[in-house]
Amino acid sequence: MQYETMGTAARVSRVGQGSWYVDAGDWNQAIAAFRAGLDAGMNHIDTAEMYGDGDAETLIGQALRGRRDQAFLVSKVLPYNASRQGVIKACEASLKRLGTDRLDMYLLHWPGRVPLEETFAAFEQLRRDGKILQWGVSNFDAQWLQEAYDIVGPDRIACNQVLYHLNERAIEHSVLPWCHEHGVRVVAYSPFGHDDFPDPDSEGGALLEEIGSAYGATPRQVALAFLLRKRDVFVIPKSSTAEHTQENAAAGDLTLSAEHLDELDRYFAQGPEPVYLPML
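Note that the coordinates shown come from a computational prediction; the quantities given were computed from them, not determined experimentally. (Residues numbered from 1 in each chain as written. Predicted model: local features only at pLDDT ≥ 70, side-chain atom pairs only at ≥ 80, totals over all residues. Heavy atoms only, no water.)

**Q** If you had to explain the overall build of the protein to someone new, which residues and values would you point to?
**A** Helix and strand content of the protein: ten helices and nine strands. By its C-alpha atoms, the protein is 50 × 40 × 30 Å across when sized along the principal axes. Expressed as a percentage of the 280 residues in the protein, the buried residues total 54%. In the protein, once contacts between residues fewer than 6 apart in sequence are set aside, the share between residues at least 24 apart is 78%. A total accessible area of about 12,300 Å² is found for the protein, and carbon and sulfur atoms account for 46% of it. Of note, the protein has its 25 positive side-chain charges centred 9 Å away from the centre of its 40 negative side-chain charges. (Helix = DSSP H or I, 4+ residues; strand = E, 2+ residues; numbered from the N terminus. Buried < 20%, exposed > 50% of the residue type's maximum accessible area, 1.4 Å probe, protein only. Contact = heavy atoms within 4.5 Å. Areas by Shrake-Rupley, 256 points an atom, 1.4 Å probe, with all protein chains shown as cover. Lys, Arg positive; Asp, Glu negative; His and termini not counted. Charge placed at Lys NZ, Arg CZ, Asp CG, Glu CD.)

Printed below as a string of structure tokens:
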């Protein structure tokens, strides 16, 4: 497994564990999957108050019983809860569901109507109180990132969590360069897409299979390794089974050759920069 710094955290797994919709399946199986991820070195665990109206946080809290200190735990506040007092209340509710006294990272889920100054002031209060160790943002384009940076300055925004997968590379135009320049880590959610991973019978699927065969790797491991080619990037694929979690974890040890990266870059083209940053 590869690890990198993220803000003040010294060792965060570049392949993490997402939790969107994980509460909709078998909870015992999902809990076993998260624990298998920890066993494989995937300490980066992501969730949000929005996921299952908090059920995903409850599930993760159960998975982390007795193992909380092994995890780099991230959650997110919804923009309509992002007022000064709303953030405090939402964070305390997330902590209760997760069964912990602190979050390693707390994110604003996407920009909303509450002024960023108010949200960030609440984040700083939570940080001073020890309820969060650091904070970041999610679904912020370069313009929003610059606005946030102008408010708080350097060394405050630890990461930006955004949609990023082989068929959706919009962040490579402006977001990735901005984050690289300002020392903000990028966390890719839905790194396999949302029910649109290349079918094995498609040309893209065949390419992933062919490249994977050169490394004894699966197509999904190849897809993750392509996103991880830049050290600024982390990925948080969701898995509901221990088997798939272990498959994801192995991508953290896969480095693709320049030739294979070029092949993937050509086939899964970046495309033009969209007017609005894509998000789910």
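**Q** For the layout of surface pockets, give the residues involved together with the corresponding values.
**A** Roughly 620 Å³ of volume is contained in the largest pocket. Considering the residues around the largest pocket, the lining is formed by 30 residues, among which Ser 190, Phe 192, Gly 193, Pro 237 and Lys 238 are closest to the centre. The greatest single-element share of the lining of the largest pocket, amounting to three residues, is contributed by helix α9 (residues 242-250). Residue composition of the lining of the largest pocket, by class: twelve nonpolar, eleven polar and seven charged. (1 Å grid on protein atoms, 1.4 Å probe; cavity = no way out; pocket = protein on both sides within 12 Å on 5 of 7 lines; lining within 4 Å. Points joined across faces, edges and corners; volume = space filled by probe spheres on them. Nonpolar A, V, L, I, M, F, W, Y, C, P; charged D, E, K, R; others polar.)

**Q** Tell me what's going on with the side chain of Gln 17, and back it up with residues and numbers.
**A** Tracing the backbone through its elements, the reader meets Gln 17 in the loop between β2 (9-13) and α1 (27-39). Separated by 3.1 Å, the side chain of Gln 17 and the backbone oxygen of Met 42 make a polar contact. Once residues within four sequence positions are removed from consideration, Gln 17 is found in contact with Ala 33, Phe 34, Gly 37, Leu 38, Met 42, His 44, Ile 45, Asp 46, Ile 236, Pro 237 and Thr 245. (Polar contact = N/O pair within 3.5 Å; in protein donor to acceptor, adjacent residues only side chain to side chain.)

**Q** Help me get a handle on helix α8 (residues 219-227), residues and values and all.
**A** Among the nine residues of α8, eight are classified as buried, and the element is accordingly described as predominantly covered. Those residues of α8 that sit buried are Pro 219, Gln 221, Val 222, Ala 223, Leu 224, Ala 225, Phe 226 and Leu 227. Looking at the buried side of α8, the elements it contacts are α7 (203-213), β9 (233-235), α9 and α10 (258-267).

**Q** Please give an account of the pattern of salt bridges that cites residues and values.
**A** Scanning the model with the defined rule gives 15 salt bridges in all. The shortest N-O distance in the salt bridge between Arg 102 and Asp 69 comes to 3.0 Å. Separated by 33 residues along the polypeptide, Arg 102 in the loop between α3 (84-98) and β5 (105-108) and Asp 69 in the loop between α2 (55-63) and β4 (72-77) bring together distant segments of the chain. The shortest N-O distance in the salt bridge between Lys 131 and Glu 92 comes to 2.7 Å. Residue Lys 131 is located in the loop between α4 (116-128) and β6 (135-138), and its partner Glu 92 is located in helix α3; the two are separated by 39 residues in the primary sequence. A relative accessible area of 25% places Lys 131 in the partly exposed class. Overlapping salt bridges, with partners in common, bring together Glu 4, Arg 185, Arg 231 and Asp 232 in one network. (Salt bridge = Lys/Arg side-chain N within 4 Å of Asp/Glu carboxyl O.)

**Q** Any details on the packing of helix α5 (residues 142-152) against helix α6 (residues 175-182)? Residues and values, ideally.
**A** Between α5 and α6, the shortest axis-to-axis distance is 9 Å and the interhelical angle comes to 25 degrees. Our classification of the angle between α5 and α6 gives roughly parallel. Note on element contacts: α6 touches α5 through Val 175, Trp 178, Cys 179 and His 182, opposite Ala 142, Leu 145, Gln 146 and Tyr 149. Of the residues belonging to the contact of α5 with α6, the class tally is six nonpolar, two polar and no charged. (Axes fitted to C-alpha atoms, helices over the stretch in contact; angles between N-to-C directions. Parallel < 35°, antiparallel > 145°, perpendicular 65-115°, else oblique.)

**Q** Now, about the nonpolar core: what can you tell me, with residues and values included?
**A** Tyr 106, Phe 123, Leu 256 and Leu 264 are the most contacted members of the largest nonpolar core, which has 75 residues in total. Excluding residues within four positions of it along the chain, Tyr 106 makes contact with Ser 75, Lys 76, Val 77, Val 87, Ala 90, Cys 91, Phe 123, Leu 126, Ile 132, Gln 134, Trp 135 and Gly 136. Listed in part, the 14 residues of the second largest apolar core include Met 105, Ala 158, Leu 163 and Ile 236. (Core = buried A, V, L, I, M, F, W, Y, C linked by side-chain atoms within 4.5 Å.)

**Q** Please provide a residue-by-residue account of the pairing of β6, values included.
**A** The alternating pattern of β6 places Trp 135 and Val 137 on one face and Gly 136 and Ser 138 on the opposite face, and all of these are buried. The parallel pair β5 and β6 is bridged by α4, and the resulting crossover is right-handed. Inspection of the sheet shows β6 paired to strand β7 (residues 157-163) by three bridges, in the parallel sense. Counted as the bridge partner of Ser 138 is Gln 161 from β7. Assessed by its sense of winding, the connection that carries the chain from β6 through α5 to β7 is right-handed. (Right-handed = clockwise from strand over helix to strand, strands pointing away. Pairing = 2+ DSSP bridges.)

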